Amino acid sequence: MKLVLITIALACGILTPVSSSVGDNSRIYMDCLKKMEWENCINYGQLFKPESELQQDFWSSLLRWSCKEECRYRCMWMTVARFHSAERETPKFHGRWPFIRILGMQEPASAFASVLNFAANAYMFRKLRRMSALKGPATPFVKFWCVFAMVCMNAWVWSTIFHMRDTYFTEFMDYACALSMVMGLFVAAIIRVFYLRSKPLTFLLLLVPLFYFATHVRYLHSGVINYDYNMKVNVFFGVLGSLIWLGVSWSQWSQGWRYAWRMLAFTLLSGLALSLELFDFPPKMDVLDAHALWHFSTAPLPLLFYRYVIDDIRYLGSRGMDKFAFKLT
Ligand SMILES: [Zn+2]
């Protein structure tokens, strides 16, 4: 299946080979790494020699930075300094910008922003959970949105861990859980539109994204991740879900459901926030890059999103299920 997916992706021109970066390809970096590893590491770079001069701070050893990773980090900054003294631009390393570690965290700004996103989801989850006491036709939807909020909270936990410490496993979990959140919103849109029209059709429509999600997670688990391809999968389902939600909320707004402005605003602001990812610049103060800015900009959005969800449930609960299925035309 993976082969089929990659072939389709290649045919569509959405898969490009991962290129190595200027920084890790430079002679300065390669020589530094070779020398430093030879002088300090044992056990295939996993452990420090007892006489190693590399001293790790408490946080770095707590987050289990291996000797090889410590060497990579130090050689990276040594290479950056040499590039700057030769008046060359900051290079990337293994496809990523250099970040300064804070408390052992690899990308501290993105990690902190992920915590804020988690907090916003957790805060609204508590409000949503209080609604599960309400009995009525909208009860299954309260449960669905509670599960959705848990999926989001889980994704932000893994995003925090991944930005603190990038390993194969944390990268896999971050990418898989981020997709679960994007596809969750897409699935929610399908349920919201079709559920009361035709349950069999809804389940049939849900099988496609669920099957694709399982396939993509298997692909991510292979460890050979093409970042461009993964990003395009997220953008595809993100855009599709957003378009459906835009249609839903616009239709609600024009039928006089005034609270739908929140969903309209959420969808448009999410798109605007995502556009920050298109910028690609060396981190400001060696910490703040476009990815961190994107995570910071999405942090307040759950407040808008879940208020729409809560208003939608309340309104429908008060009007009955016939109003649930708003007119599509
Ligand atoms: Zn991230």
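Here is what the cut-offs are and how they apply
- Residues numbered from 1 in each chain as written.
- Predicted model: local features only at pLDDT ≥ 70, side-chain atom pairs only at ≥ 80, totals over all residues.
- Helix = DSSP H or I, 4+ residues; strand = E, 2+ residues; numbered from the N terminus.
- Expected span 1.5 Å × (residues − 1).
- pLDDT = per-residue confidence, 0-100.
- Contact = placed C-beta atoms within 7 Å.
- Buried ≥ 20, exposed ≤ 12 C-beta atoms within 10 Å, placed from the backbone.

## Thoughts on helix H9 (residues 199–221)
Next up, step 1: End to end, H9 covers 33 Å across 23 residues, agreeing with the expected 33 Å (1.5 Å per residue, within 8%).
Next up, step 2: Residue Gly223 follows H9 closely and has a positive phi angle near 90 degrees.

## Observations concerning the environment of Tyr219
Next up, step 1: With respect to the element layout, Tyr219 can be found in helix H9.
Next up, step 2: Through-space distance from the C-alpha of Tyr219 to that of Ala176 is 9.9 Å; in sequence the pair is 43 residues apart.

## What about the confidence of the model for the protein chain?
Next up, step 1: Here the protein chain averages 83 in pLDDT, and 89% of its residues register 70 or above.
Next up, step 2: For the protein chain, the element scoring lowest by mean pLDDT is helix H1 (residues 2–11), at 36; helix H6 (residues 108–130) scores highest, at 94.
Next up, step 3: Note on residues 1–18: pLDDT is under 50 here. Beyond four places in sequence and across chains, it has 20 contacts.

## So, unusual backbone geometry
Next up, step 1: Of note, the phi angle at Arg64 is positive, near 55 degrees, even though the residue is not glycine.
Next up, step 2: Its location among the elements puts Arg64 in the loop between helix H4 (58–62) and helix H5 (67–85).
Next up, step 3: Using a count of 12 C-beta atoms within 10 Å as the deciding quantity, one classes Arg64 as exposed.
Next up, step 4: The backbone of His94 sits at a positive phi, close to 50 degrees, despite the residue not being glycine.
Next up, step 5: If you trace the backbone, His94 turns up in the loop between H5 and H6.
Next up, step 6: Residue His94 is classed as partly exposed on the basis of its C-beta count, with 13 C-beta atoms lying within 10 Å.

## Looking at H5
Next up, step 1: The end-to-end C-alpha separation of H5 is 27 Å, in line with the 27 Å expected for 19 residues at 1.5 Å each.
Next up, step 2: Taken together, the buried positions of H5 are Cys67, Glu70, Cys71, Arg72, Cys75, Met76, Thr79 and Val80.
Next up, step 3: Against helix H2 (22–25), helix H3 (27–40), strand E1 (41–42) and strand E2 (47–48) lie the buried residues of H5.
Next up, step 4: Two residues or fewer past H5, Glu87 is found with a positive phi of approximately 55 degrees.

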